[in-house]
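# Per-entry structural report
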Amino acid sequence: MGTLDLELLRALAAIVAHDGFAAAAVHLGKTQSAVTQQMQRLEEQIGHPLFEKHGRNKRLTDHGQRLLVYARHLLAINDEALRSLQQGQLEGVLRIGAPHDVADTMLPLLLTEIARNSPLLQLDIHIGRSPFLMKSIQSGELDMIISNRSDPQLEGVVLRTSPTVWLCGAGYLHDPAKPVPLIMADGPSIFRRIGHEALDAAGVAWTPRYTSSSLIGIKAALRAGLGVTARGVEQLDAGLRVLGPGDGMPRLPDLVYYLYVRSHVVNPVTRQVFDTLKKHLGLLRSDGLERS
């Protein structure tokens, strides 16, 4: 039995990823005829055609689709092996923090990427509120955090932009003629601030109904039908629903979530993890990777 040529498989994956032979050739730094010859060699090795004409374009045959799946797996293993052997395995402790709002959405994907690239690294995970996480990273208690606060003093990248919505319990009966009963976090809270500002700007009366020091408490009050809160859309589940303009509620601004490290960080472990994450954050982004 023969052995598949990874360079030929890489060319196949590039053709699909870049929607054609010409764009794949540019990406691979080859001529289009060279890429065509690579596919001819791969077809000879497989013993089946990989492409078929579809109008003026080409698309993968059934055998091409099956091979593409294997190609992507083999290339991922190859690239991970090279990265591990060439860069060495990072060891040590990375202290990473995230707010409650994204602890079960953005954070798991981030941790997966860190563990995949640095399996020997010990992760010390802290879940808390953004204002306190910001203080912890500024004081050096944490190495890296996810936060919805903008701070030019810190080095960071945008993870994603998330819609903010008005949430209430599935059985909550909203009466636009009455002041909105608000359920909010106590202490500093960006959601409480933007909620108050939006209601005041729209001239909608509101009254504080319930406060909690945790997201768990806020969601319990929502499910109990005690009122309404401004929160990231990630918190929407089967027990909650969204109120909108049709219910007399004003629109809320989106929030940007950042991945931060301390500016001019000198810890080599943190620096390497952060630089690696910047190259692989497509899993988390909705709006493209940007510098904060």
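Computed from a predicted structure; not experimentally measured.

On to the sheet that holds strand β4 (residues 121-128), then. An order of β4-β3-β5-β12-β6 is seen for the 5 strands of this open sheet, with the pairing classed as mixed. The open sheet is flanked by β4 and β6 (155-162), the only strands paired with a single partner. Across the sheet, the axes of successive neighbouring strands diverge by a mean angle of 15°, strand direction being ignored. As paired strands, β6 and strand β12 (residues 255-261) are joined by 7 bridges and run antiparallel to one another.

Tracing the backbone through its elements, the reader meets Ala-71 in helix α4 (residues 62-87). A C-alpha to C-alpha distance of 7.3 Å links Ala-71 and Arg-10, two positions 61 residues apart in sequence.

What follows covers the packing of aromatic side chains. Scanning the model with the defined rule gives 2 aromatic pairs in all. Plain terms: the ring middles of Tyr-258 and Tyr-260 are 5.3 Å apart, the flat faces sit at 20° to each other, and that makes the pair stacked. As far as the burial class goes, Tyr-258 and Tyr-260 line up, both buried. One Lys or Arg, Lys-58, reaches over the ring of Phe-21 and ends 5.3 Å from the middle of that ring.

Turning our attention to the pattern of salt bridges. Under the defined criterion, the tally for this structure stands at 13 salt bridges. A salt bridge links Arg-193 to Glu-197, with the shortest nitrogen-to-oxygen separation between them at 3.5 Å. Here the residue Arg-193 and the residue Glu-197 both occupy positions in helix α7 (residues 190-202), the gap between them amounting to 4 residues, near one helical turn. Accessibility expressed as a relative area gives 43% for Arg-193, which makes it partly exposed. For Asp-237, the salt bridge identified is with Arg-223, shortest N-O distance 2.5 Å. Of the two residues, Asp-237 is situated in the loop between β10 (228-232) and β11 (240-243) and Arg-223 in helix α8 (residues 215-223); the sequence distance between them amounts to 14 residues. Via salt bridges that share partners, Glu-155, Arg-271, Asp-275 and Lys-278 belong to a single interconnected network.

Here helix α5 (residues 106-117) crosses helix α9 (residues 268-279) at 115°, and the two axes come no closer than 10 Å. With respect to each other, α5 and α9 are oriented roughly perpendicular. The two elements α5 and α9 meet at a crossing, and its hand is right-handed. Mapping the contact onto sequence places Leu-110, Glu-113, Ile-114 and Asn-117 in α5 and Val-273, Thr-276 and Leu-277 in α9. The residue inventory of the contact of α5 with α9, partitioned by class, reads 4 nonpolar, 2 polar and 1 charged.

By the element assignment, Asn-117 lies in helix α5. Of the residues examined, Asn-117 reaches a relative accessible area of 15% and is grouped as buried. Between the C-alpha atom of Asn-117 and that of Ala-230, which follows or precedes it by 113 residues, the distance is 36 Å.

Where nonpolar side chains cluster on the molecular surface, the patch consists of Leu-4, Tyr-70 and Leu-74 and spans about 280 Å² of accessible area. Within the secondary structure, Tyr-70 sits in helix α4. For Tyr-70, a relative accessible area of 55% translates into the label exposed.

Helical periodicity: at 3.6 residues per turn, an α-helix aligns residues three or four positions apart in one direction. Within α8, burial applies to Leu-215, Gly-217, Ile-218, Lys-219, Ala-221 and Leu-222. Taken from the residues just after α8, Gly-225 is the one with a positive phi, measuring 80°.

Right, let's talk about the confidence of the model for the protein for a bit. Averaged over all residues, the pLDDT of the protein equals 87, while 91% of them reach at least 70. Confidence scores differ between elements of the protein, with α9 showing the lowest mean pLDDT of 81 and strand β7 (residues 164-169) the highest of 97. Counted against residues more than four places away or in other chains, residues 286-292, with its pLDDT under 50, gives 20 contacts.

Within the element layout of this structure, Glu-234 appears in the loop between β10 and β11. Of note is the side chain of Glu-234, whose polar atom sits 2.6 Å from the side chain of Ser-162. Not counting chain neighbours up to four residues away, the residues in contact with Glu-234 comprise Asp-101, Thr-105, Met-106, Arg-160 and Ser-162.

What counts, and at which threshold
Residues numbered from 1 in each chain as written. Predicted model: local features only at pLDDT ≥ 70, side-chain atom pairs only at ≥ 80, totals over all residues. Heavy atoms only, no water. Pairing = 2+ DSSP bridges. Helix = DSSP H or I, 4+ residues; strand = E, 2+ residues; numbered from the N terminus. Axes fitted to C-alpha atoms, helices over the stretch in contact; angles between N-to-C directions. Phe/Tyr/Trp six-rings, centres within 6.5 Å; stacked < 30°, edge-to-face > 60°. Buried < 20%, exposed > 50% of the residue type's maximum accessible area, 1.4 Å probe, protein only. Lys NZ or Arg CZ within 6 Å of the ring centre and 35° of its normal. Salt bridge = Lys/Arg side-chain N within 4 Å of Asp/Glu carboxyl O. Parallel < 35°, antiparallel > 145°, perpendicular 65-115°, else oblique. Left-handed = near helix turned anticlockwise from the far one by under 90°. Contact = heavy atoms within 4.5 Å. Nonpolar A, V, L, I, M, F, W, Y, C, P; charged D, E, K, R; others polar. Patch = residues over 30% accessible without salt bridge, like charges linked within 9 Å, V, L, I, M, F, W, Y side chains within 5 Å. Areas by Shrake-Rupley, 256 points an atom, 1.4 Å probe, with all protein chains shown as cover. pLDDT = per-residue confidence, 0-100. Polar contact = N/O pair within 3.5 Å; in protein donor to acceptor, adjacent residues only side chain to side chain.

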